[in-house]
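Given next are the chains, with one letter for each unit.
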Amino acid sequence: MLKYVNTGIVFQEIPDEVTLSINISNCPCHCPGCHSQYLWENIGNPLTPLVLDKFMHDYGDDITCVCFMGGDAEPDYVVMLAKYLHKKHPSLKVGWYSGRQCLPKDIDKTIFDYIKVGPYIEHLGCLKSDTTNQRLYKKAVGDGFTDITSRFWKKKGSL
């Protein structure tokens, strides 16, 4: 079972959303230069539907999105939690950041409104860098996704 270490309400993880970010431990990716190496360990509390219910009780009126940060050790469980959130809170958007270059082929990606993929590679930078290898996708009409990574890049010559 997945465990989470902490949460936070963030404004930059998903554009135009007030996001409850859930940091999941036991990350198998171990990206060099990772800023959250503590998440490599299998620590924290079990992340269950009941825990999600508590988060929604505590933060539901303040957020528009929930983003699972990690979960690569148990992708099927992340999908199950996303389906649970959509069923209980249909207006809530759900995102997933995977440190993998791509998600497993048998994963139902359509349950997510946002998917961020790609290991952190220090010399390529994060999403705010126009050289990043990471990508953020937003669900489009039907089952497709649109790459919205460039929305993070600073415009050259602007303040």
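Residues numbered from 1 in each chain as written. Predicted model: local features only at pLDDT ≥ 70, side-chain atom pairs only at ≥ 80, totals over all residues. Heavy atoms only, no water.

Trainee: Hey, could you run me through the sheet that holds strand 8 (residues 145-147) in this one?
Mentor: In a beta sheet, neighbouring strands pair by backbone hydrogen bonds and run either parallel or antiparallel. What the eight strands build is an open sheet, ordered 3-1-2-4-5-6-7-8; its pairing is mixed. At either end of the open sheet lies a strand with only one pairing partner, and these are strand 3 (45-46) and strand 8. Here four bridges tie strand 5 (residues 93-98) to strand 6 (residues 114-117), and the two strands are oriented parallel to one another. Considered in strand 6, the bridge of S98 is made with V117. (Pairing = 2+ DSSP bridges. Helix = DSSP H or I, 4+ residues; strand = E, 2+ residues; numbered from the N terminus.)

Trainee: Looking at this structure, I do not really get the environment of D130. What am I missing?
Mentor: As for its placement among the helices and strands, D130 is situated in the loop between strand 6 and strand 7 (135-139). Separated by 23 residues in sequence, D130 and W153 have C-alpha atoms that sit 5.8 Å apart.

Trainee: Help me out: how do you make sense of the environment of D106 in this one?
Mentor: When you line up the elements, D106 lands in the loop between strand 5 and strand 6. Assessed through its relative accessible area of 64%, D106 is described here as exposed. Sequence separation between D106 and L47 is 59 residues, and the spatial gap between their C-alpha atoms is 22 Å. (Buried < 20%, exposed > 50% of the residue type's maximum accessible area, 1.4 Å probe, protein only.)

Trainee: What is the right way to read the environment of F145 from this model?
Mentor: Structurally, F145 is set in strand 8. The exposure class assigned to F145 is partly exposed, which follows from its relative accessible area of 26%. A C-alpha to C-alpha distance of 19 Å links F145 and M69, two positions 76 residues apart in sequence. Non-local contacts of F145, meaning those with residues more than four positions away in its chain, are made with K109, F112, D113, I115, Y137, K138, K139 and A140. (Contact = heavy atoms within 4.5 Å.)

Trainee: What's the story with the side chain of D113 in this structure? I'm lost.
Mentor: As for its position among the elements, D113 is in the loop between strand 5 and strand 6. Within the buried set, D113 has no salt-bridge partner at all; the shortest N-O distance to an opposite charge, 5.4 Å, is to K139. Side chain to side chain, D113 and H86 meet in a polar contact 3.2 Å long. Apart from residues lying up to four places away in sequence, D113 is in contact with H86, L92, K93, V94, Y137, K138, K139 and F145. (Lys, Arg positive; Asp, Glu negative; His and termini not counted. Salt bridge = Lys/Arg side-chain N within 4 Å of Asp/Glu carboxyl O. Polar contact = N/O pair within 3.5 Å; in protein donor to acceptor, adjacent residues only side chain to side chain.)

Trainee: Please explain the nonpolar core as it appears in this structure.
Mentor: Across soluble globular proteins, you tend to see nonpolar side chains buried next to one another. The biggest cluster of nonpolar side chains holds 28 residues, and the ones touching the most others in it are I22, L47, F55, V66, F68 and F112. When residues of this core are traced back to their parent elements, those giving at least two are strand 2 (19-24), helix 1 (49-59), strand 4 (65-69), helix 2 (75-88), strand 5 and strand 6. Broken down by element, the residue count for this core peaks at six residues, all from helix 2. Ignoring anything within four residues of it in the chain, the contact list for F68 reads I22, I24, L47, L52, V78, L81, A82, L85, V94, G95, W96 and Y97. (Core = buried A, V, L, I, M, F, W, Y, C linked by side-chain atoms within 4.5 Å.)

Trainee: Looking at this structure, how should I read unusual backbone geometry?
Mentor: Trans peptide bonds make up most of the peptide bonds, and negative phi angles are found at most residues other than glycine. Even without glycine at this site, N26 takes up a positive phi of about 65 degrees. Assignment of secondary structure puts N26 in the loop between strand 2 and strand 3. Accessibility expressed as a relative area gives 31% for N26, which makes it partly exposed. You will see that H30, though not glycine, has its phi angle at about 50 degrees, which is positive. Inspection of the secondary structure puts H30 in the loop between strand 2 and strand 3. A relative accessible area of 40% means that H30 is categorised as partly exposed.

Everything listed is a geometric property; what it means functionally is a separate question.
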